[in-house]
Amino acid sequence: MTIKINRGRCPQNHPCPSVRICPTGALTQKGFNAPEIDKEKCIECMRCVSYCPTGAITLERKIQAK
């Protein structure tokens, strides 16, 4: 599983509210641009996914081939 940012759903005109609740500092934002995820720091706790008011931060499940 991987947390992704859908830039099309992110209004990018305000500080991202999900950045401040990330417990590891994996979610960062430069100016009012869409946030970015540092995959090395991300523990996939899903706090940012559940807190994002526009649904721009999502959990993407990887489908494994048989």
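Up top is the structure these notes are about.
Residues numbered from 1 in each chain as written. Predicted model: local features only at pLDDT ≥ 70, side-chain atom pairs only at ≥ 80, totals over all residues. Heavy atoms only, no water.

Asker: What should I look at first to understand the overall build of the chain in this one?
Answerer: Of the regular secondary structure elements, the chain holds one helix and four strands. Listing every helix and strand of the chain by position from the N terminus yields β-β-β-α-β. By the compact-globule yardstick of 11 Å for 66 residues, the chain fits well, its C-alpha radius of gyration being 12 Å. In terms of overall dimensions, the chain has C-alpha extents of about 45 × 25 × 20 Å along its principal axes. Counting the 66 residues in the chain, one finds 24% classified as buried. Long-range contacts, defined here as pairs at least 24 residues apart, represent 58% of the contacts in the chain between residues at least 6 apart. Per element, the accessible surface of the chain, about 4800 Å² overall, is 50% carbon and sulfur. If you average the places of the 11 positive and of the 5 negative side-chain charges in the chain, the two averages end up 6 Å apart. (Helix = DSSP H or I, 4+ residues; strand = E, 2+ residues; numbered from the N terminus. Rg over C-alpha atoms; globule rule 2.2 N^0.38 Å. Buried < 20%, exposed > 50% of the residue type's maximum accessible area, 1.4 Å probe, protein only. Contact = heavy atoms within 4.5 Å. Areas by Shrake-Rupley, 256 points an atom, 1.4 Å probe, with all protein chains shown as cover. Lys, Arg positive; Asp, Glu negative; His and termini not counted. Charge placed at Lys NZ, Arg CZ, Asp CG, Glu CD.)

Asker: Please explain the nonpolar core as it appears in this structure.
Answerer: Generally speaking, a soluble globular protein has its nonpolar side chains buried in company with each other. Counting ten residues, the largest nonpolar core consists of Ile-3, Ile-5, Cys-10, Leu-27, Ala-34, Cys-48, Val-49, Cys-52, Ala-56 and Ile-57. Mapped by element, the contributors of at least two residues to this core are strand S1 (2-5) and helix H1 (47-51). In contact with Cys-48, not counting residues within four places along its chain, are Ile-3, Ser-18, Ile-21, Leu-27 and Ile-57. (Core = buried A, V, L, I, M, F, W, Y, C linked by side-chain atoms within 4.5 Å.)

Asker: Explain unusual backbone geometry to me, please; I cannot follow it from the model alone.
Answerer: It is generally the case that most residues other than glycine have a negative phi and that most peptide bonds are trans. Of note, the phi angle at Gln-12 is positive, near 50°, even though the residue is not glycine. Its place among the elements puts Gln-12 in the loop between S1 and strand S2 (27-28). At Glu-44, a position not held by glycine, the phi torsion is positive, near 50°. If you trace the backbone, Glu-44 turns up in the loop between strand S3 (36-37) and H1.

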